[in-house]
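What the coordinates show
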Number of protein chains: 2
Amino acid sequence: MNAVETIYPPDRVTLREAGLRDGLQLAKNWPDTAAKSAWIEAEYAAGIRHFEVGSFLPEAKFPQFADVRQVIAATAALPGAHGVALAMNVRGAEAAIASGVPEIACVVSATEAHSTRNARRTMAEALATVREIGALRDAAAHRPLVSVGIAMAFGCSIAGEVAPGAVLRLVEMIAEAGADVIALADTVGFAGPDQVSRLTAASLSLVGDIPLGIHLHDTRGLGLVNASAAIDAGARIVDASIGGLGGCPFAPRATGNIVMEDLAFLCQTKGLETGIDIERLIAVREIVAAAMPGETLHGAMARAGLPTAELAGA
Amino acid sequence: MNAVETIYPPDRVTLREAGLRDGLQLAKNWPDTAAKSAWIEAEYAAGIRHFEVGSFLPEAKFPQFADVRQVIAATAALPGAHGVALAMNVRGAEAAIASGVPEIACVVSATEAHSTRNARRTMAEALATVREIGALRDAAAHRPLVSVGIAMAFGCSIAGEVAPGAVLRLVEMIAEAGADVIALADTVGFAGPDQVSRLTAASLSLVGDIPLGIHLHDTRGLGLVNASAAIDAGARIVDASIGGLGGCPFAPRATGNIVMEDLAFLCQTKGLETGIDIERLIAVREIVAAAMPGETLHGAMARAGLPTAELAGA
């Protein structure tokens, strides 16, 4: 069994906390390092093992990630916990490798318009960067995973519709570029479940053993619908965040990621073994709420709780 | 083609506004008759044709439905609009028939515990009532439809788990009792999509040509996930309400019905022809908000709007 299969076992669905990266990207208040560590430790105690912990971006523009190295270290201190850090270019990837983070996440846009606006590069340049980061990975002693997310895979708020075939060609090229993990991202919440199901299944048919992830935003209320469709179609990794934290600069009125607590309940109804204690997961919201005053936390499970029955266990 | 196939065409999914009945059941403020009519007319203009308009319950206990006859008349005045009124017993059904409403909705609980608490009768007595209401229907000049909802079909907040086989036996008995429409209700939001898919498909295999409806509450965030699963499995009627209005006395912390505006977007992503103008549907919220001050309106589409692209139509 190679490393990626140990970290993302093929026989289970991995729920990955994205709030410490995607949830802080646009936030005006963010947790300090101690609060980030407390958040991770509490969610780890609830059963989550995979955390996107921050970005290697210029600190002047993204001060919320200035402590990314400490957060990586805090995650690494928990047995079996797995940290992921975003790098948008080779310099960021070099810093990520030096930090020892076990997974580096990169982004390729599904449209030239978004690639240019979001990362000031063409899609071909983004793919070349993935290849360069792969080479850095191969030369690194601890050989981190390189995961590549396809932004705007289900439609683009700049360019409009995105042809599924173009996304599938991109999936192929990303696999050829050496990605260890590939993720489809509905960056602006355009997707519906049938589209997610088809693109997930078609991508899986191309990538073979490479784990496929799904990154969804609940912009139009279909986040969990799409998560359910992706899981049914074989996605192995689902991103979510406590309280649905997160937003997108290209979708200003958008709510954030799908809500981790509600996703965990969805998985429970499907009989999936996620190892998550939903009550303890709900309690993590208190840490996040205290560390991010003024931030709206979404989610239904926190309000309703697990199903219970007066006369019997439900 | 018989009447039920005209009203609920087999080749399309019908979205039914439940807010004027289920959404007002627990409300402290409710729209007056003029506001109810304005609500129905605006939602009709947005493309909705099916409305649950109220209940024939004792006016002293349910003053919000005291004007049910006028609301039925207001609905009947709109070409092609179809009104549904709830009746819990024979006396209510007689009043419903006298009103001329084209569909009478009854309820049978999936558990004896809920049947006793909610309607002070056994499940056998509830089935006997369905048969009696069917006889009243057969004797009525305008022959209204009789629809029967199975409350707590996916789990009961009093009795706990409900065996799918027991629900399917109930579906059979309700069909034998002469129901024109049968609906499965997740009264307290216990269901997950796999369960909904299985029970919908199995029910359809039993009921033949009888249209199957689904009534969901978004208590734990899975309302639209379950709606998607039900539609995929062949449900022909989906209840929802503007802004997700509604609650349940047996699920005190529950949010309401699934949000009509978001359900309409889900159907659009599936390529289903519902005849609904989502922008106009969202605008109906203003009427509801003005008529029900203090009531929380839920929903993502009202916040995010339809997908749009800067450079192209999305």
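Residues numbered from 1 in each chain as written. Chains lettered and ligands numbered in written order. Predicted model: local features only at pLDDT ≥ 70, side-chain atom pairs only at ≥ 80, totals over all residues. Heavy atoms only, no water.

If you look chain A up in an unreviewed UniProt entry, it shows as Hydroxymethylglutaryl-CoA lyase YngG from Oceanibacterium hippocampi. The Sequence similarities (unreviewed entry) field of the UniProt record for chain A holds the comment "Belongs to the HMG-CoA lyase family." (UniProt positions renumbered as here; feature names shortened; annotations may be inferred.)

To continue, consider the overall build of chain A. Within chain A, the secondary structure is distributed over twelve helices and eight strands. Its C-alpha radius of gyration of 18 Å places chain A within 12% of the 20 Å reference for a compact globule of 314 residues. Taking the principal axes of the C-alpha coordinates as reference, chain A spans close to 60 × 40 × 40 Å. Across the 314 residues in chain A, those meeting the buried criterion constitute 61%. For chain A, contacts bridging at least 24 residues in sequence account for 73% of all contacts bridging at least 6. Surface summary for chain A: the accessible area is close to 11,400 Å², and the carbon and sulfur share equals 53%. The centroid of the 24 positive side-chain charges in chain A is displaced by 5 Å from the centroid of its 34 negative side-chain charges. (Helix = DSSP H or I, 4+ residues; strand = E, 2+ residues; numbered from the N terminus. Rg over C-alpha atoms; globule rule 2.2 N^0.38 Å. Buried < 20%, exposed > 50% of the residue type's maximum accessible area, 1.4 Å probe, protein only. Contact = heavy atoms within 4.5 Å. Areas by Shrake-Rupley, 256 points an atom, 1.4 Å probe, with all protein chains shown as cover. Lys, Arg positive; Asp, Glu negative; His and termini not counted. Charge placed at Lys NZ, Arg CZ, Asp CG, Glu CD.)

The subject of this paragraph is the packing of helix 8 (residues 193-207) of chain B against helix 9 (residues 223-233) of chain B. Residues and elements named next belong to chain B. For the pair helix 8 and helix 9, interaxial distance at closest approach is 8 Å and the crossing angle is 30°. The pairing of helix 8 with helix 9 is recorded here as roughly parallel in orientation. The chirality of how helix 8 crosses helix 9 is right-handed. Taken together, the residues of helix 9 that come into contact with helix 8 (itself represented by Pro193, Val196, Ser197, Thr200, Ala201 and Leu204) are Val225, Asn226, Ala229, Ala230 and Ala233. Partitioning the contact of helix 8 with helix 9 into residue classes produces eight nonpolar, three polar and no charged. (Axes fitted to C-alpha atoms, helices over the stretch in contact; angles between N-to-C directions. Parallel < 35°, antiparallel > 145°, perpendicular 65-115°, else oblique. Left-handed = near helix turned anticlockwise from the far one by under 90°. Nonpolar A, V, L, I, M, F, W, Y, C, P; charged D, E, K, R; others polar.)

Residues and elements named next belong to chain A. Taken together, the eight strands give a closed barrel; going around it, the order is 1-2-3-4-5-6-7-8, and neighbouring strands pair in parallel fashion. When the angles between neighbouring strand axes are averaged without regard to direction, this sheet yields 30°. As defined by bridge partners, strand 5 (residues 145-151) adjoins strand 6 (residues 181-186) across four bridges and the pair is classed as parallel. The partner of Gly149 across the bridge, within strand 6, is Ala183. The sheet contacts of helix 2 (residues 33-45) involve strand 1 (14-17) and strand 2 (50-56), and relative to strand 2 the element is tilted by about 160°. Those strands touched by helix 10 (residues 260-269) are strand 1 and strand 8 (237-240), and its axis lies near 175° from that of strand 1. (Pairing = 2+ DSSP bridges.)

Let's shift gears to the side chain of B:Glu43. Residue and element names in this part refer to chain B. Along the polypeptide, Glu43 turns up in helix 2 (residues 33-45). Put simply, Glu43 is tucked away with no salt bridge, and the nearest opposite charge, on Arg49, sits 9.6 Å away. Dropping the residues within four chain positions of it, Glu43 is found in contact with Glu17, Ile48, Phe51, Ile242, Met260, Leu281 and Val284. (Salt bridge = Lys/Arg side-chain N within 4 Å of Asp/Glu carboxyl O.)

For the rest of this paragraph, the subject is helix 6 (residues 123-139) of chain B. Since one α-helical turn is 3.6 residues long, residues separated by three or four positions face the same way. All names here are of chain B. Relative to the 24 Å expected for 17 residues at 1.5 Å per residue, helix 6 spans 25 Å between its end C-alpha atoms, a close match to the ideal helical length. If you check which residues of helix 6 are buried, you get Met123, Ala126, Leu127, Thr129, Val130, Ile133, Gly134 and Arg137. Axial view of helix 6: buried residues confined to an arc of 155°, hence all on one face. Facing away from the buried side of helix 6, by more than 90 degrees, are the exposed residues Ala124 and Ala139. Tucked into the core, helix 6 has its buried residues touching helix 4 (90-99), strand 4 (103-109), helix 5 (112-119), strand 5 (145-151) and helix 7 (164-176). (Expected span 1.5 Å × (residues − 1). Arc of directions from axis to C-beta.)

Turning to the packing of aromatic side chains, a few remarks are in order. Overall, the coordinates contain two aromatic pairs over all chains when judged by the stated rule. The ring of A:Tyr44 has A:Arg49 lying over it, and the distance from NZ or CZ to the ring centre is 3.8 Å. (Phe/Tyr/Trp six-rings, centres within 6.5 Å; stacked < 30°, edge-to-face > 60°. Lys NZ or Arg CZ within 6 Å of the ring centre and 35° of its normal.)

As a further point, take the relation of the copies chain A and chain B. Once chain A is rotated about the relating axis by 180° and shifted along it by 0.0 Å, it coincides with chain B to within an RMSD of 0.0 Å. The superposition operator between the copies reduces to a two-fold rotation axis. Looking at the rotation axis and the C-alpha trace of chain A, the residue lying nearest is A:Val225, at 2.2 Å. Interface residue correspondence from chain A to chain B reaches 100%, placing this contact among same-surface, isologous pairings. (Least-squares fit on C-alpha atoms with pLDDT ≥ 70 in both.)

So, on to the pairing of strand 2 (residues 50-56) of chain B. Residue and element names in this part refer to chain B. In terms of burial, strand 2 is largely enclosed, as seven of its seven residues are buried. By the bridge criterion, two bridges tie strand 1 (residues 14-17) to strand 2 in an arrangement that is parallel. Following the sheet pairing, Arg16 is matched in strand 2 by His50.

So, about the environment of A:Val53. All names here are of chain A. Position of Val53 relative to the elements: it lies in strand 2. Judged by relative accessible area, which is 1%, Val53 ranks as buried. Separated by 32 residues in the primary sequence, Val53 and Arg21 have C-alpha atoms spaced 5.6 Å apart. Contact partners of Val53, with chain neighbours within four places excluded, come to Leu20, Ile40, Val68, Val71, Ile72, Thr75, Gly83 and Val84.

The strands making up a sheet associate through hydrogen bonds between their backbones, and the pairing can be parallel or antiparallel. All names here are of chain B. Pairing is parallel around the closed barrel formed by eight strands, whose spatial order is 1-2-3-4-5-6-7-8. When the angles between neighbouring strand axes are averaged without regard to direction, this sheet yields 30°. The pairing of strand 6 (residues 181-186) with strand 7 (residues 212-216) spans five bridges and is parallel. Among the inter-strand pairings, Ile182 is bridged to a residue of strand 7, identified as Leu212.

Before going further, it helps to spend a moment on the nonpolar core. Counting residues in hydrophobic clusters, the biggest one holds 210 residues, and the most contacted among them are A:Leu263 and B:Leu263. If we ignore the near neighbours within four places in the chain, the residues touching A:Leu263 are A:Leu15, A:Leu224, A:Ala227, A:Ile231, A:Val238, A:Ala240 and A:Ile258. (Core = buried A, V, L, I, M, F, W, Y, C linked by side-chain atoms within 4.5 Å.)

Turning our eyes to something else, we now look at the interface of chain A and chain B. In this complex, chain A contributes 42 residues to the contact, which on the side of chain B involves 42 residues. Contact between chain A and chain B buries roughly 3,300 Å² in total, counting both sides, with carbon and sulfur atoms accounting for 59%. There are four salt bridges connecting chain A and chain B. For the salt bridge of A:Asp194 with B:Lys270, the shortest nitrogen-to-oxygen distance reads 2.9 Å. Where chain A meets chain B, there are twelve residue pairs in polar contact (both at pLDDT 80 or more). Put simply, the parts of the chain that give the side of chain A that touches chain B at least two residues each are helix 5 (112-119), helix 8 (193-207), helix 9 (223-233), helix 10 and helix 12 (301-304) of chain A. (Buried area = accessible area lost by both parts, 1.4 Å probe. Polar contact = N/O pair within 3.5 Å; in protein donor to acceptor, adjacent residues only side chain to side chain.)

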